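# Structure at a glance
Each chain, written out:
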Amino acid sequence: MRFGLLLTSVHGRSVPAHQQIAEHHELISVAVDHGLDLVVAGQHFAAPTLRYLQPIPYLTSIAMRFPSVSVATGILLLPLHHPLTIAEEMATMDAVTGGRAIMGVGIGYSQDEFDAFGIDRTTRTERFEEAVEIIRALWTGQPVTHQGRFFQLDSVEVSTLPVQRPHPPIWVGAQVEASVRRAARVGEAWYAAPFPTHRELIDLYQAYLEERAAHGNRARAAIPVRREVYIADSPAEAEAAVAAGASSRYGTYRSWGLDIDDGLGRSDWLDNRFVLGTPSDVAEGLTQLMAQVEHSHFVYKPQWPGYDHAHALAQLERFGSEVIPLLSG
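Let me sum up the structure you'll find in this document. Note that the structure is a prediction, hence the values are computed from the model and not measured.

### A word on the pattern of salt bridges
Side chains that carry opposite charge are capable of pairing whenever their charged atoms lie near each other. Taken as a whole, this structure holds 14 salt bridges when the rule is applied. For the salt bridge of E188 with R136, the shortest nitrogen-to-oxygen distance reads 3.0 Å. Residue E188 is located in the loop between α6 (177–186) and β8 (189–192), and its partner R136 is located in helix α5 (residues 124–138); the two are separated by 52 residues in the primary sequence. The burial state of E188 is the same as that of R136; both residues are buried. The partner of R181 in a salt bridge is E211, with the nearest N and O atoms 2.7 Å apart. Remark: E211 occurs in helix α7 (residues 198–214) and R181 occurs in helix α6; sequence separation between them is 30 residues. Judged by relative accessible area, which is 12%, E211 ranks as buried. Connected through shared salt-bridge partners, E129, E177, R181, R182, R185, E210 and E211 make up one network.

### A closer look at the nonpolar core
Formed by 90 residues in total, the largest nonpolar core has its most connected members in I62, M90, M103, W190, Y208 and F319. For this core, the element with the most residues is helix α11 (residues 309–328), which contributes 7 residues. Counting 10 residues, the second largest nonpolar core, distinct from the first, contains A241, V242, A243 and F274.

### Examining the packing of helix α1 (residues 17–33) against helix α2 (residues 55–65)
Interhelical geometry of α1 versus α2 gives an angle of 45° and a closest axis separation of 12 Å. What the angle tells us is that α1 and α2 run oblique. When you trace α1 past α2, the crossing you get is right-handed. Residues Q20, I21, H24, H25 and I28 of α1 pack against Y58, I62 and R65 of α2. By residue class, the composition of the contact of α1 with α2 is 4 nonpolar, 3 polar and 1 charged.

### Focus: the layout of surface pockets
When its volume is computed, the second largest pocket comes out at roughly 260 Å³. Along its surface, the second largest pocket is lined by H198, I202, L270, D271, F274, V275, L276, D281, G285, Q288, L289 and Q292. Mapped onto the lining of the second largest pocket, the elements with two or more residues apiece are α7, α9 (267–273), β11 (274–277) and α10 (279–290). Of the residues forming the lining of the second largest pocket, the biggest block, 4 residues, is contributed by α10. Residues of the lining of the second largest pocket, tallied by class, amount to 6 nonpolar, 4 polar and 2 charged.

### A few points about the packing of aromatic side chains
Per the stated rule, a full pass over the model turns up 10 aromatic pairs. Between W190 and Y208 the ring centres are 5.9 Å apart and the planes differ by 45°, which places this aromatic pair in the tilted class. In this pair, W190 is assigned in strand β8 and Y208 in helix α7, connecting sequence segments 18 residues apart. Within the aromatic cluster, the residues linked to one another by ring pairs are F3, F298, Y300 and F319. When the ring centre of W304 is taken as reference, the NZ or CZ atom of K301 above it lies at 3.9 Å.

### A few points about the side chain of T97
As for its position among the elements, T97 is in the loop between α3 (83–96) and β4 (101–106). Polar side-chain contacts of T97 include one of 2.8 Å to the backbone oxygen of M93. When neighbours within four sequence positions are excluded, T97 is seen to be in contact with A63 and M64.

### Regarding unusual backbone geometry
I75 follows G74 through a cis peptide bond whose omega is 15°. Of note, I75 is situated in strand β3 (residues 70–77). Cis peptide bonds are those with omega within 30 degrees of zero, and the linkage from R165 to P166 qualifies with 10°. Although it is not a glycine, A46 adopts a positive phi angle of roughly 55°. Judged by its relative accessible area of 71%, A46 falls in the exposed class. Even without a glycine there, the phi angle at S155 is positive, about 55°. Its place among the elements puts S155 in strand β6 (residues 152–156). Of the residues examined, S155 reaches a relative accessible area of 45% and is grouped as partly exposed.

### Overview of α10
The end-to-end C-alpha distance of α10 is 16 Å, a good match for the 16 Å that 12 residues give at a rise of 1.5 Å each. Along α10, the positions that sit buried rather than exposed are P279, V282, A283, L286 and L289. Down the axis, α10 shows its buried residues gathered within 125° of arc, on one side only. Turning to α10, the residues buried within the fold contact α7, β10 (228–231), β11, β12 (295–300) and α11.

Each value, and the rule that gives it
- Residues numbered from 1 in each chain as written.
- Predicted model: local features only at pLDDT ≥ 70, side-chain atom pairs only at ≥ 80, totals over all residues.
- Heavy atoms only, no water.
- Salt bridge = Lys/Arg side-chain N within 4 Å of Asp/Glu carboxyl O.
- Helix = DSSP H or I, 4+ residues; strand = E, 2+ residues; numbered from the N terminus.
- Buried < 20%, exposed > 50% of the residue type's maximum accessible area, 1.4 Å probe, protein only.
- Core = buried A, V, L, I, M, F, W, Y, C linked by side-chain atoms within 4.5 Å.
- Axes fitted to C-alpha atoms, helices over the stretch in contact; angles between N-to-C directions.
- Parallel < 35°, antiparallel > 145°, perpendicular 65-115°, else oblique.
- Left-handed = near helix turned anticlockwise from the far one by under 90°.
- Contact = heavy atoms within 4.5 Å.
- Nonpolar A, V, L, I, M, F, W, Y, C, P; charged D, E, K, R; others polar.
- 1 Å grid on protein atoms, 1.4 Å probe; cavity = no way out; pocket = protein on both sides within 12 Å on 5 of 7 lines; lining within 4 Å.
- Points joined across faces, edges and corners; volume = space filled by probe spheres on them.
- Phe/Tyr/Trp six-rings, centres within 6.5 Å; stacked < 30°, edge-to-face > 60°.
- Lys NZ or Arg CZ within 6 Å of the ring centre and 35° of its normal.
- Polar contact = N/O pair within 3.5 Å; in protein donor to acceptor, adjacent residues only side chain to side chain.
- Expected span 1.5 Å × (residues − 1).
- Arc of directions from axis to C-beta.

Structure below.
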């Protein structure tokens, strides 16, 4: 299993962008020192309270600064884009980085974002599947003619092909069974979101393997997984420390339209979705999960609302120096 770093937004636009970028660069430097070799960044639009630096240009710049890491869009909101744009931009990122790009995509959920782009949210699944089909076809380098419900191309060829052949890996973000089964059909891997409970994650993984087997096994069995982690000197200390940040972060997601159950901040909610406690507690929890859900990568997030940059660095340092050795040994 490999380890990745998720760059998240804890600043709004009132904080200078260069501060956010400098903090991310420092986190990546520490991550690289501990053997993490993947950087992931996601996408949202029109969210002034949390600045999302758009991932394709941002990750390209990161890959140039840190040549040992691969970079993954985690995730692009594909229904909000034209597939030709994404095919060209992702191919460019793959070419510029020498084949270190991963395209993570999902269907999105925020009604405000779909409204801002003038796109009917109810069409997001069909748009997504049609777009993935077109991107794959464009990356062959052959002329593409496509007459679909949402996109029409007449003998179109991309100007830049990805370095990786036949193309960069396509990770499909999903958190409910229908979407997980879609990931098994249309992607190389399911990018597991942190929102399902541990039990739900295990059950979804079995559905993923079932769908994968039924559709020719193009998708990988080992998947990139996110679980929320917080390290402290005791489980109680970890739970108390992360509860407020979790409530803030997931409350924001819920206000944007993400379907997360009530009970944010309750201990049972944290117990069912988070891996908390001492380094040995965290390693044991992740080991138990890995025994039931085969990981290709574990994607770790050290930043939480309400905590400063020094706190995120300290969490990352503990994860790298105290948890990873227990998982690797």
